[in-house]
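Read off the chains here:
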Amino acid sequence: MEHLKVSTAQRIVLESVATLGNESIALQQSLGRVLSESILANRDLPPYDVSAMDGFAVRSADLTSMPVILKIVEDIRAGDMPTVTVQAGQCSRIMTGAPMPQGADAVIQVEDTQQVSSDTVQIDKTVAIGNHVRSRGENMKLGEVVLPKGGEITPGVIGVLATVKATHVQVYRRPRVAILSTGNELEAMHEPVDPNKIPDSNTYALMAQVQALGIEPALLGIARDDPAELEQYLLRGLEYDVLLVSGGTSVGVHDYVRPTIEKLNVSMKFWRVAMKPGHPLAFGTTGKTAVFGLPGNPVSSMVCFEQFVAPALRRMMGNPRLYRRTVTARLAHPARTRPGRTEFIRVQLTQDDAGYLASSTGTQSSGALLSMARADGLLIMPTAGASLAKGDLVTVQLLDGTAFQNNAGFKE
Ligand code: AMP
Ligand code: MG
């Protein structure tokens, strides 16, 4: 089978997974989920014209020649309902959020006034109709869609949901994900250190990548390179919506994942993607379970997760934003890749006045997990290969942890 381009393989994966059904959850538990219903405003907000400032509700027509002295006829606090109509030559003292009284059409803020006596105020400024007035329904109007279906629930969205009294919301279900490591050489976390073994890190790195999407995966453990044992583990994994198997997907004589998966009626869509790291990447589906055969090399499995598994999981959760954000950066040093494979180079990002600067985190060996641990992003080198100079512009896919930076990043 030919080696697919990353974008082709992504398309095949995304065509093979569908958004899951929905469930109702409490507002307090909904952060990070995706709305499977549109949310409508349950009233006008504000419910009437209100003042946006502490000051005086006035008739703008009164304020033509300065200064003007107005009689204060009422004191309106937030939560009060005004009872007195403001007549010519009059005003009402009003607080932020309090309803506008009849007769008044503008608010003058207290800083632009001088109290003359207990019931009179001098005003030194003219004012336009509607000044510092928030009109009824300005924030939301009864029946209008305030949050469309498919939106991710962020803290701001939670605020809107609370505003419309959505104590429970319909969201897309999260996929059930199982993680399986394979290899005779692997040492489980609970086993004592054996100098001849390789610690199983993939289980935990993949676990964390899944958790970062808001999903708690099931850890199936380590299957030895034995077809019968592997089959038992894979059967358990096929009870989930998504099964991530790492290792054993290559073409070595002890790489049993491929034949065993096929034996279990997983219809394989591809085995090879033209990318580095991440070369032996398999994907198939039973119709119920999407199966990813990820490379055993720790960096490769993580990079493949970001390119293929994360978009698939996000689609299943109904999120239209499938891909990690990319930014343009300048190269801090030359970079060269050979043609034939899309290369993902682990980089650190710093920022200066000209924008982002990307520098390699060190050896790019697919086993060099430390270079992944230090990475802010993956610099994407084109499949055609490239010889780039210091300062050339490149595309960097941001990884977790890049939403925050060391300095504020703006000047005032
Ligand atoms: P494989 O894809 O099975 O040929 O494995 C490729 C390389 O990745 C080998 O050096 C394995 O020891 C290593 N490897 C495989 N699985 C894991 C794992 N779960 N944790 C750490 N390294 C692994
Ligand atoms: Mg192996």
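The structure under discussion appears in the preceding block.
Residues numbered from 1 in each chain as written. Chains lettered and ligands numbered in written order. Predicted model: local features only at pLDDT ≥ 70, side-chain atom pairs only at ≥ 80, totals over all residues. Heavy atoms only, no water.

Asks: Lay out the site of ligand 1 in plain terms, naming residues and giving numbers.
Replies: The environment of ligand 1 is made up of 15 residues, and the closest members are E185, D200, S201, G248 and G296. G296 is positioned with one of its backbone polar atoms (N or O) 3.1 Å from an oxygen atom of ligand 1. Counting residues per element, the ones that place at least two in the shell around ligand 1 are β13 (177–182) and β15 (198–199). When its residues are assigned to classes, the shell around ligand 1 shows 4 nonpolar, 9 polar and 2 charged. (Near = heavy atom within 4 Å. Polar contact = N/O pair within 3.5 Å; in protein donor to acceptor, adjacent residues only side chain to side chain. Helix = DSSP H or I, 4+ residues; strand = E, 2+ residues; numbered from the N terminus. Nonpolar A, V, L, I, M, F, W, Y, C, P; charged D, E, K, R; others polar.)

Asks: Requested: an account of the sheet that holds strand β7 (residues 106–109), with residues and values cited.
Replies: With mixed pairing, 6 strands are arranged side by side in an open sheet as β7-β4-β6-β5-β9-β8. Unpaired on one side and paired on the other, β7 and β8 (113–117) mark the two borders of the sheet. Across the sheet, the mean angle separating the axes of adjacent strands is 40 degrees when strand polarity is ignored. Relative to strand β6 (residues 90–94), strand β4 (residues 55–58) runs antiparallel, the two sharing 3 bridges. (Pairing = 2+ DSSP bridges. Axes fitted to C-alpha atoms, helices over the stretch in contact; angles between N-to-C directions.)

Asks: Outline the sheet that holds β13, supporting the account with residue identities and numerical values.
Replies: Overall, mixed pairing links the 6 strands, which are arranged β16-β13-β17-β21-β20-β18 in an open sheet. Strands with a single pairing partner mark the edges of an open sheet, and in this sheet they are β16 (218–223) and β18 (267–270). Neighbour to neighbour, the strand axes of the sheet diverge by 20 degrees on average, direction disregarded. Relative to strand β21 (residues 290–294), strand β17 (residues 242–246) is paired through 5 bridges, and the arrangement is parallel. In the sheet register, S246 faces β21, and the bridge partner there is L294.

Asks: I'd like a rundown of the pairing of strand β26 (residues 377–381), residues and numbers included.
Replies: Summarising burial for β26: 4 of the 5 residues are buried, a large majority. Bridge count for strand β24 (residues 342–352) against β26 is 5 bridges, and the pairing is antiparallel. Among the inter-strand pairings, E343 is bridged to a residue of β26, identified as M381. (Buried < 20%, exposed > 50% of the residue type's maximum accessible area, 1.4 Å probe, protein only.)

Asks: Would you mind going over the environment of K390 in detail, with residue names and values included?
Replies: Tracing the sequence through the fold places K390 in the loop between β27 (386–388) and β28 (393–398). Each C-alpha atom of the pair K390 and G284 lies 41 Å from the other, and the pair is 106 residues apart in sequence. Excluding residues that lie within four positions of it along the chain, K390 makes contacts with L331, A332, H333 and P334. (Contact = heavy atoms within 4.5 Å.)

Asks: Explain the layout of surface pockets to me, and be specific about the residues and the numbers.
Replies: What the largest pocket holds in volume is close to 790 Å³. Among the elements that make up the lining of the largest pocket, the one with the highest residue count is helix α6 (residues 298–316) (4 residues). Classifying every residue of the lining of the largest pocket by side-chain character gives 13 nonpolar, 6 polar and 9 charged. In this structure, the second largest pocket encloses a volume near 300 Å³. Around the second largest pocket, the lining residues are L349, T350, Q351, Y356, D376, L398, G401, T402, F404, Q405, N406 and N407. For the lining of the second largest pocket, the element with the highest residue contribution is β24, accounting for 3 residues. For the lining of the second largest pocket, the class distribution of residues is 4 nonpolar, 7 polar and 1 charged. (1 Å grid on protein atoms, 1.4 Å probe; cavity = no way out; pocket = protein on both sides within 12 Å on 5 of 7 lines; lining within 4 Å. Points joined across faces, edges and corners; volume = space filled by probe spheres on them.)

Asks: Describe the packing of aromatic side chains, with residues and values.
Replies: All chains considered together, the criterion is met by 3 aromatic pairs. Considering the side-chain rings of F283 and F292, the 4.9 Å spacing of their centres and the 50 degrees angle between planes classify their relative orientation as tilted. Owing to a relative accessible area of 0%, F283 belongs among the buried residues under this scheme. Chaining the aromatic ring pairs together yields one cluster made of F270, F283, F292 and F308. (Phe/Tyr/Trp six-rings, centres within 6.5 Å; stacked < 30°, edge-to-face > 60°.)

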